[in-house]
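# Observations on the three-dimensional arrangement
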Amino acid sequence: MSKKFPRTKVTHDLFFQQSLMQKSIALDFFKAHLPRSVQSKIDWNSLTLEPGRFVAKEYRVQYSDVLYSVRLSEELAYLYILAEHKSYGDRFLPLQLLRYMCAIWQRYIEQKRKLGKGQGCLPMIYPLTYYHGRQSPYPYSTDIRDCFADKALAKAIFDKPFPLIDMTQYSDENLLQHGRASTFELLQKHIFAKDLLEDIQELLKNKHFIALMRETSGDYSFQVLQYMIEASESTHADKFLKQLTQQLPEIGDQIMTVGQQLRQQGIEQGIERGIERGIEQGIEQGIERGIKQGRTVEAMTIARTLLNRGMSLEEVAEITHLSYEKLQRIK
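Residues numbered from 1 in each chain as written. Predicted model: local features only at pLDDT ≥ 70, side-chain atom pairs only at ≥ 80, totals over all residues. Heavy atoms only, no water.

## Overview of helix α2 (residues 23-33)
The α-helix winds at 3.6 residues per turn, so residues separated by three or four positions along the chain end up facing the same way. Among the residues of α2, A26, F29 and F30 are the ones counted as buried. Here the buried residues of α2 occupy an arc of 95° about the axis, which is enough to place them on one side. Away from the buried face of α2 by more than 90 degrees, exposed residues S24, D28 and A32 are located. The inward-facing, buried residues of α2 contact α1 (12-20), α3 (36-39), β1 (42-49), β2 (63-72), β3 (75-84) and β4 (124-131). (Buried < 20%, exposed > 50% of the residue type's maximum accessible area, 1.4 Å probe, protein only. Helix = DSSP H or I, 4+ residues; strand = E, 2+ residues; numbered from the N terminus. Arc of directions from axis to C-beta. Contact = heavy atoms within 4.5 Å.)

Written as structure tokens, this is what we have:
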């Protein structure tokens with residue numbers, strides 16, 4: 001009696017996958033299509049089908065993929081096949097291929113992290129693209145540089161290490177020539193300094209910085225000062241703002257306005273976070289975070305709020321470090 005098989009529609013991508021997931025078929029496929037120079041380095045006994053698909057579901061009618069791992073020159077490597085099932089090809093096939101290769105590397109990194117192992121080097125991926133459409137031959141290049149109109153510029157980018165803008169390697173004098181961009185560049189270069197104000201003296205004198213603070217008297221100037229206070233490892237916020245006001249008297253009112261906003265923000269957020277996390281531990285953490293971030297939380301205001309909420313003198317004293325005498329007067 002003949003065996004009956006389920007009747008399901010066999011699509012291009014499904015048939016491709018069913019074929020290449022057979023290890024014996026995949027082995028002969030790779031030996032037929034991989035360069036001899038690559039084959040000579042592969043331990044074919046290590047050929048292993050890897051789980052998962054990297055083509056997003058919405059593209060699986062058009063594309064399918066299969067991934068195998070091997071030992072190549074004694075190192076882990078992958079053989080990745082991306083098949084295009086469209087009739088007439090896709091100019092941006094190289095982009096699709098690059099996306100899926102990056103997804104394979106990302107999964108590799110995450111697996112290493114879960115196992116608590118160092119990342120080491122990325123495994124080599126040898127990609128193969130596969131096409132069986134109506135148009136012949138395949139009409140597009142598989143070189144990603146040919147996806148761009150300016151191929152010379154694309155070649156210059158992809159044939160070299162990606163550019164890195166390393167602030168630690170720029171002199172302050174050089175950065176000060178960058179116009180209004182010099183403000184955030186210099187701040188981020190020196191943000192970990194023990195005395196930020198000392199390190200950014202030249203910035204504070206720079207005409208572009210003064211102009212930027214005057215022109216952006218709203219959100220951005222607030223963000224600049226907030227960043228200087230919160231992200232730096234510098235002095236306490238009150239002292240910091242006072243020194244800054246002395247050095248920049250022409251925008252002193254603006255600096256003090258920002259200081260008042262940060263102070264109020266710190267009070268509100270410190271109390272709110274504290275209440276959310278619990279009376280004792282939460283409020284202490286919330287207030288300490290507010291103080292640490294330079295939001296100038298005022299102990300007297302905090303104490304009054306906590307006492308109004310029913311906290312004991314002992315608990316408030318421990319959190320705010322105010323004396324019992326002061327707390328009695330506040331109460």
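Still more ground to cover, so stick around.
## Notes on the sheet that holds β3
Spatial strand order, β1-β2-β3-β4: four strands in an open sheet with mixed pairing. The open sheet has two edge strands with one neighbour each: β1 and β4. Adjacent strand axes in the sheet meet at a mean angle of 25° when their direction is disregarded. Of the pairings in the sheet, the one linking β1 to β2 comprises four bridges and is antiparallel in character. When the sheet's bridge partners are listed, I42 is paired in β2 with L72. Across the face of the sheet, α2 comes into contact with β1, β2, β3 and β4 while running at roughly 135° to β1. Against the sheet, helix α4 (residues 93-114) engages β2, β3 and β4, with an angle of about 145° to β3. (Pairing = 2+ DSSP bridges. Axes fitted to C-alpha atoms, helices over the stretch in contact; angles between N-to-C directions.)

## Points about the packing of helix α15 (residues 299-308) against helix α16 (residues 313-320)
Packed helix pairs are specified by the crossing angle of their axes together with the interaxial distance, meaning the distance between the axes. Where α15 contacts α16, the two axes come as close as 10 Å, and the packing angle between them is 155°. Comparing their axes, α16 and α15 come out roughly antiparallel. Like other packed secondary-structure pairs, α15 and α16 cross with a definite hand, here right-handed. Residues A299, I302, A303, L306 and L307 of α15 pack against L313, V316, I319 and T320 of α16. Class assignment for the residues of the contact of α15 with α16 results in eight nonpolar, one polar and no charged. (Parallel < 35°, antiparallel > 145°, perpendicular 65-115°, else oblique. Left-handed = near helix turned anticlockwise from the far one by under 90°. Nonpolar A, V, L, I, M, F, W, Y, C, P; charged D, E, K, R; others polar.)

## Structural notes on the nonpolar core
I200, L204, F209, M228, L244 and L248 are the most contacted members of the largest nonpolar core, which totals 22 residues. If you list the elements that add at least two residues to this core, you get α7 (182-190), α8 (196-199), α9 (201-205), α10 (207-215), α11 (219-230) and α12 (237-247). Here this core takes four residues from α11, the largest share from any one element. Grouped together as the second largest cluster of nonpolar side chains are 19 residues, F29, F30, W44 and A83 included. (Core = buried A, V, L, I, M, F, W, Y, C linked by side-chain atoms within 4.5 Å.)

## Description of a nonpolar patch on the surface
Judged by side-chain polarity, F148, L153, I157, F158 and F162 come together as a nonpolar surface patch covering roughly 490 Å² of accessible area. By the element assignment, F158 lies in helix α5 (residues 151-158). Taking relative accessible area as the criterion, F158 reaches 33% and is therefore assigned partly exposed. (Patch = residues over 30% accessible without salt bridge, like charges linked within 9 Å, V, L, I, M, F, W, Y side chains within 5 Å. Areas by Shrake-Rupley, 256 points an atom, 1.4 Å probe, with all protein chains shown as cover. Salt bridge = Lys/Arg side-chain N within 4 Å of Asp/Glu carboxyl O.)

## Overview of the packing of aromatic side chains
The geometry of an aromatic ring pair comes down to the distance between the two centres and the angle between the two planes. With the rule as written, the count across this model stands at eight aromatic pairs. A centroid spacing of 5.7 Å and a plane angle of 85° characterise the contact between F30 and Y68, whose relative ring orientation is edge-to-face. With F30 in helix α2 and Y68 in strand β2, this residue pair connects regions lying 38 residues apart in the sequence. Per residue, the accessibility class of F30 equals that of Y68, and both read buried. Each member of the aromatic cluster is reached from another via a ring pair, and the members are F16, F29, F30, Y68 and Y130. (Phe/Tyr/Trp six-rings, centres within 6.5 Å; stacked < 30°, edge-to-face > 60°.)

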